[in-house]
Amino acid sequence: MADLMRLHLTANLPIRVEPLVFAGRVEFRLGNAFPAVLVVDAEALPRLAEAVAEGQTALDAARGGQ
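Heads up: these notes are all about the structure in this document. These numbers come from a predicted model, not from an experiment.

1. Observations regarding the overall build of the protein
A count of helices and strands for the protein gives one helix and three strands. Taken from N to C terminus, the helices and strands of the protein fall in the order β-β-β-α. Taking 11 Å as the expected radius of gyration for a compact globule of 66 residues, we find that the protein reaches 15 Å, considerably beyond that expectation. Each principal axis of the C-alpha atoms in the protein carries an extent, and together these give about 45 × 30 × 30 Å. Relative to its 66 residues, the protein shows a buried fraction of 12%. For the protein, the accessible area works out to roughly 5,600 Å², and carbon and sulfur atoms hold 61% of it.

2. Side note on the sheet that holds strand β3 (residues 36-41)
Read across the sheet, three strands follow the order β1-β2-β3 without closing on themselves; strand pairing throughout is antiparallel. The outermost strands of the open sheet, each flanked by one partner alone, are β1 (15-20) and β3. Across this sheet, the average inter-strand angle for adjacent strands is 20 degrees, counted without regard to direction. Two strands pair when backbone bridges link them, and β1 and strand β2 (residues 25-30) are joined in this way by six bridges, in the antiparallel orientation. Its bridge partner lying in β2, L20 is registered against R25.

3. What to know about the pairing of β3
With six bridges connecting them, β2 and β3 associate as antiparallel partners. The partner of F28 across the bridge, within β3, is L38. Between β2 and β3, which pair antiparallel and follow one another directly, the connecting turn spans five residues, one of which, G31, has a positive phi of 100 degrees.

4. Focus: the pattern of salt bridges
One pass over the structure, following the stated rule, counts five salt bridges. Note that R29 and E27 form a salt bridge whose closest N and O atoms lie 2.7 Å from each other. With a shortest N-O distance of 3.1 Å, E54 and R47 are connected by a salt bridge. You can call R47 partly exposed: its relative accessible area is 43%. Sharing partners across several salt bridges, the network here consists of R47, E50 and E54.

Calculation rules
Every chain is numbered independently, its residues counted from 1 as its sequence is written. Side-chain atom pairs in this predicted model are given and counted only at pLDDT of 80 or more, local residue features only at pLDDT of at least 70, and totals for whole chains, interfaces and linings cover all residues. Here the side-chain values reflect all heavy atoms present in the structure, with hydrogen atoms and water set aside. Numbering of helices and strands runs from the N terminus; a helix is a DSSP stretch of H or I covering at least four residues, while a strand is a stretch of E covering at least two. With C-alpha atoms as the basis for the radius of gyration, the globule rule is written as 2.2 Å multiplied by the number of residues raised to the power 0.38. Throughout this description, buried means an accessible area under 20% of the type-specific maximum (1.4 Å probe, protein chains only), exposed means over 50%, and partly exposed covers the range between. Accessible areas in this description were obtained via Shrake-Rupley with a 1.4 Å probe; residue shielding takes into account the shown protein chains only. Pairing between strands is defined by DSSP: at least two bridges between them are needed. To get an axis, a line is fitted to the C-alpha atoms, and for a helix only the part in contact is used. The angle between two axes follows their N-to-C directions and goes from 0 to 180 degrees. Salt bridge, as used here: a side-chain nitrogen of Lys or Arg that lies within 4 Å of a carboxyl oxygen of Asp or Glu.

Encoded structure:
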């Protein structure tokens, strides 16, 4: 999987949000010195929120099963 970029987000990782209203996108800057940037189209924001919720649900279920 050489073409996969993996970012590890931690609880103390700075995340700054910048709405790019002129482009209909939102920019998420992750980190400080050398930030990674995630740019999300406005129409994709609900799906991103759903994916985060799915991940949280899966983790919660896995922890409950131990």
